[in-house]
Amino acid sequence: MSDPILQISKLNKSFGPVHVLHDVDFNVYPGEVTALVGDNGAGKSTLVKCIAGIHGIDSGEIRFEGRPVTLNDPRDATALGLEFVYQDLALADNLDITQNMFLGREIRRFGSLLSDGEMERRARETLASLSVRTVSSVRQLVASLSGGQRQTVAIARAVLWNSKIVFLDEPTAALGVAQTREVLDLVRRLADQGCGVVFISHNMNDVVEVADRVAALYLGRLAAEVPTKGTTTTQIVELITSGRSGEVGLTAAVASENI
Amino acid sequence: MTPETPQTRVEAGALPAPERASAFSLDVEEMSIREAVRAWFGKLRSGDPGALPSVLGLIVLVILFSQVSDQFLSAYNIGNIPGQGAYIAVIAMGLVFVLLLGEIDLSAGTAGGACAAFAAVGVFKGNLHDGLPGTLYWAIVIGMALVVGLAVWLKTYAGAVVVLLGLVLVLTNQTQHLVPALIAAVCIGAAIGIFNGYLVAKVGIPSFVVTLALFLAWQGVLQFALSGQPVNTSNYELWHDLTYGNLSVTNSWIFVTVIVSGYLAYTVLRSVRAKAAGLAHETMGLVLARGAVIATVAVLVTAWASQNRNTNPFKVIQGIPVPAAIAIVLMIGCTFVLTKTTWGRHLYATGGNIEAARRAGIDVVHMKVTAFALCSAFGALGGIMLASSQSSASLDLGSGNVLLFSVAAAVIGGTSLFGGRGRPRDAILGALVIAIIPNGLLLKTSLDPQWQQVITGVVLLIAAAVDAVSRRRSARG
């Protein structure tokens, strides 16, 4: 197994008196899909936002490619090659696929003139490299796309910049069966290209199917980080709901401490 | 575009060749004339009527009025329409920037009126400092200086430079000359817009309220500026010509040739380049056919405008009206900025989904401030045009229906009040509709002038209904 590309150890974060994250250890490996699971309020979003540089951290260490980094600003994270696809996707309906993929990072010539042809070509290359086949034109307005296609565009936007890690926040939450399929395939291909993928989801079937390892958060603590292979859905659910499952997970004392 | 197809289950790479070919198929194909027509109908069906409603409306109104009066289609009357609608078109074009963000600027008309009045007082009295009531002069100077600081703080450096230019012109009393005075008026407009943008984007007051308040306030400022005394602007040839002037016949031909050949060169180059890069492109046939149509229309219009259209034998009126040329040049400039620059792209994005724009790293405060600055600067230019067409900087310059007509023009042209959709072209087409109504009705002397507002209102309502229905279709489709 290769070394983790992102290594988080003993991360603590409090909002006033509320201790949201307790000594969380979390690793992301290149070419692997790491599922981040946990019940509502377990701290998934907070953890991701700490990595994104939206929240500062109280203590702990974040190492990226082996060297310690500080992430105080969303731009720090972007500069390292971390991309985040949030649940609401943040696409502008009145722009087309290419325009959305390059939004805020347009390719320019002569100062501030747009280079539309070049952007169109690269958008198509990126979508093609992800084997996206459901899009007939990168000049389609996003308003005319289905939920799965929108998710695809949002993910493609994230990988356009040779990103090292892509965080996906519940990418299948609002999708139908076929569209979920489409997105899961895409997530898999993303990892196969060598990208580290963090997949946040409440859907255990999706997690078991697409993820290589599962990190379960329980009340702000990392209950366990286990390989998906050999772990059952029931075990993951137990980790989510009670912080332990048989031998794996938090000790009984710690798990019941917060209740 | 059928995402639910079972093919998506097939693993990457295992896909049969024909399926693969369908991906991005539309991106590499050539667009011939027939396909262009089909694409246009498809767009229409999917709820994007574009310029069609306003063009149809124009045609209906023209047919209607040509039945009402045989003078309507006379060259003299048609030649007057640009002058009657230009100020609406200019203000509406400025409004498009703000409407694209889903905001509104109700104060553009009165702010523009006040700016034009400053220019009028400057040239008429020969000295802005003595011409304006004492406190008002210093209020302008200090206000502009503060706005320069505000603009720098908001990182709107271009705005700061423009306002600074205006400030220098005012302080050095260059406003005694006409051209610097008009430039200063536009700069003051930009300053007003930056202030609007600051209140909306930074302080967080809804733009409707901010600009409603200032709509009222600038009317008072205008009356202070004029000290109750309208200024005649028709004495200043250049100012008068903004509405009533015509390009000489030679200049008309040069103007039209430059614009049409520029357009042709651009579309041909775009097609050739896209083809070379392997992107979707229009076939040369389509490009040339469309260019030929546009060139023919332009040549016919110019030839027609080059004839003497005055019914009075003592004065020759010929050539393209200056206001039409101004509106066209501004439209081309605005369209270029909106479609070819990052700023324009970011403006559309901010109007379409402000959260997406913010996450993409776009400074939405900056976008709002610059949009409002442009809107008020265009408002000032519109105020100058309005004073020109009224031949006077009157005490109610830019108040009353001016702004509402301009908003109506933008909406009739197809600009959405909810942001994200609109073009400078809309402002021109809408302004033509708005200007033609009173023009046609005045020729029918038996019809009371009250009808003018009723009919304008009905036309606006129809335009809004077309917009709503087409949007519902696009949401459903």
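Residues numbered from 1 in each chain as written. Chains lettered and ligands numbered in written order. Predicted model: local features only at pLDDT ≥ 70, side-chain atom pairs only at ≥ 80, totals over all residues.

Chain B has the name Xylose transport system permease protein XylH in an unreviewed UniProt entry, where Nocardioides humilatus is given as its organism. Within the UniProt record for chain B, the comment given under Subcellular location (unreviewed entry) is "Cell membrane". If you open the UniProt record of chain B and go to Function (unreviewed entry), you find "Part of the binding-protein-dependent transport system for D-xylose. Probably responsible for the translocation of the substrate across the membrane." (UniProt positions renumbered as here; feature names shortened; annotations may be inferred.)

Per an unreviewed UniProt entry, chain A carries the name Sugar ABC transporter ATP-binding protein and comes from Nocardioides humilatus.

A. Main features of the overall build of chain B. In terms of regular secondary structure, chain B is built from 21 helices and 4 strands. Against the 2.2 N^0.38 benchmark of 23 Å for 477 residues, chain B shows a C-alpha radius of gyration of 24 Å, consistent with a compact globule. The principal-axis extents of the C-alpha atoms in chain B amount to approximately 85 × 60 × 40 Å. In chain B, which comprises 477 residues, the proportion classed as buried is 44%. (Helix = DSSP H or I, 4+ residues; strand = E, 2+ residues; numbered from the N terminus. Rg over C-alpha atoms; globule rule 2.2 N^0.38 Å. Buried ≥ 20, exposed ≤ 12 C-beta atoms within 10 Å, placed from the backbone.)

B. Quick look at the overall build of chain A. Along the backbone of chain A there are 9 helices and 14 strands. Relative to the 2.2 N^0.38 estimate, which gives 18 Å for 259 residues, the radius of gyration of chain A is 19 Å and therefore close to what a compact globule would have. By its C-alpha atoms, chain A is 60 × 40 × 35 Å across when sized along the principal axes. Put simply, of all contacts in chain A between residues at least 6 apart along the chain, 64% involve residues at least 24 apart. (Contact = placed C-beta atoms within 7 Å.)

C. Spotlight on the pairing of strand S12 (residues 221-227) of chain A. Alignment of strand S11 (residues 213-218) of chain A against S12 of chain A, held across 6 bridges, turns out to be antiparallel. Across the sheet, residue Ala215 of chain A finds its bridge partner in S12 of chain A, namely Glu225 of chain A. (Pairing = 2+ DSSP bridges.)

D. Spotlight on helix H12 (residues 237-244) of chain B. All names here are of chain B. Considered for burial, the residues of H12 that qualify are Trp239, Leu242 and Thr243. Seen from one end, H12 has its buried residues packed into an arc of 80°, which puts them on one side. On its buried face, H12 sits against helix H5 (75-100), helix H10 (178-203), helix H15 (322-340) and helix H18 (364-390). (Arc of directions from axis to C-beta.)

E. Structural detail: the confidence of the model for chain A. Confidence along chain A averages 86 in pLDDT terms, with 97% of residues attaining 70 or more. Averaged pLDDT values for the elements of chain A fall to 66 in helix H9 (residues 252-257) of chain A and rise to 92 in helix H3 (residues 97-101) of chain A. (pLDDT = per-residue confidence, 0-100.)

F. Quick look at unusual backbone geometry. Of note in the backbone geometry, Asp23 of chain A takes a positive phi value of approximately 40° without being a glycine. Along the chain, Asp23 of chain A turns up in strand S2 (residues 18-28). Taking the number of C-beta atoms within 10 Å as the measure of exposure, Asp23 of chain A has 13 and is therefore partly exposed. Even without being glycine, Asn173 of chain B reaches a positive phi, approximately 60°. Inspection of the secondary structure puts Asn173 of chain B in the loop between helix H9 (157-171) and H10.

G. Molecular detail of helix H11 (residues 207-226) of chain B. Residues and elements named next belong to chain B. If you check H11, its first and last C-alpha atoms are 28 Å apart, about what 20 residues at 1.5 Å a residue would give, namely 28 Å. Among all positions of H11, only Ser207, Val210, Thr211, Leu214, Trp218, Gln219, Val221, Leu222, Ala225 and Leu226 are buried. Looking at the buried positions of H11, the neighbouring elements they touch are helix H6 (108-125), helix H8 (134-153), H10, strand S2 (231-232) and strand S4 (392-393). Where H11 terminates, the next one or two residues include Ser227, which has phi positive at roughly 50°. (Expected span 1.5 Å × (residues − 1).)

H. Examining the domain arrangement of chain B more closely. Residue and element names in this part refer to chain B. As assigned here, chain B comprises domain 1 (51-245 + 321-467) and domain 2 (246-320). Domain 1 and domain 2 are separated by 27 Å when their C-alpha centres are compared. On the domain 2 side, the residues contacting the 9 residues of domain 1 number 12 residues. Secondary-structure elements contributing two or more residues to the side of domain 1 that touches domain 2 are H5 and H15. Considering each element in turn, the side of domain 1 that touches domain 2 owes the most residues, 4 residues, to H15. (Domains from an automatic or database assignment.)

I. How the structure looks around the packing of H10 of chain B against H18 of chain B. Interaxial distance between H10 of chain B and H18 of chain B falls to 6 Å at its minimum, and their mutual angle equals 145°. Considering only the axes of H10 of chain B and H18 of chain B, their crossing is right-handed. (Axes fitted to C-alpha atoms, helices over the stretch in contact; angles between N-to-C directions. Left-handed = near helix turned anticlockwise from the far one by under 90°.)

J. A look at the nonpolar core. Residue and element names in this part refer to chain B. Counting residues in hydrophobic clusters, the biggest one holds 210 residues, and the most contacted among them are Val163, Ala185 and Ile194. The element best represented in this core is H10, accounting for 16 residues. Counting the residues that make up this core, at least three belong to each of domain 1 (51-245 + 321-467) and domain 2 (246-320). Excluding residues that lie within four positions of it along the chain, Ala185 makes contacts with Cys115, Ala116, Phe118, Ala119, Ala380 and Ile384. (Core = buried A, V, L, I, M, F, W, Y, C linked by C-beta atoms within 7 Å.)

K. Expanded view of the sheet that holds strand S9 (residues 165-169) of chain A. Residue and element names in this part refer to chain A. Taken in spatial order, the 6 strands line up as S6-S9-S10-S3-S11-S12 in an open sheet, and their pairing is mixed. Either end of the sheet is taken by a strand with one partner, and the two such strands are strand S6 (82-85) and S12. Strand-to-strand twist in this sheet, taken as the mean axis angle between neighbours without regard to direction, amounts to 20°. Relative to strand S10 (residues 196-200), S9 runs parallel, the two being bridged by 5 bridges. If you follow Phe167 over to S10, its bridge partner there is Val198. Relative to S10, helix H6 (residues 177-192) is tilted by about 150°, and along the sheet it contacts strand S3 (33-38), S9 and S10.

L. Structural view of the environment of Ile240 of chain A. All names here are of chain A. By the secondary structure assignment, Ile240 is in helix H8 (residues 233-242). Given 20 C-beta atoms within a 10 Å radius, Ile240 is considered buried. On a C-alpha basis, the gap between Ile240 and Val210 in space is 18 Å, while along the polypeptide they are 30 residues apart. Those residues in contact with Ile240 that sit more than four places away from it in its chain are Val37, Gly38, Asp39, Ala216 and Tyr218.

M. A look at the pairing of S6 of chain A. Residues and elements named next belong to chain A. Residue alternation in S6 divides its side chains into two sets, Leu82 and Phe84 and Glu83 and Val85, and both sets are buried. In terms of strand pairing, S6 meets S9 through 4 bridges, oriented parallel. What sits directly across from Val85, in S9, is Leu168.

N. Quick peek at the packing of H5 of chain B against helix H19 (residues 402-413) of chain B. All names here are of chain B. Closest axis-to-axis distance for the H5/H19 pair is 8 Å, and the angle between their directions is 65°. As far as their axial angle goes, H19 and H5 are roughly perpendicular. Handedness of the crossing formed by H5 with H19: right-handed. Contact residues: Ile88, Ala89, Ile91, Ala92, Leu95, Val96 and Leu99 in H5; Val402, Leu403, Phe405, Ser406, Val407, Ala409 and Ala410 in H19. Residues that form the contact of H5 with H19 fall into these classes: 13 nonpolar, 1 polar and no charged. (Parallel < 35°, antiparallel > 145°, perpendicular 65-115°, else oblique. Nonpolar A, V, L, I, M, F, W, Y, C, P; charged D, E, K, R; others polar.)

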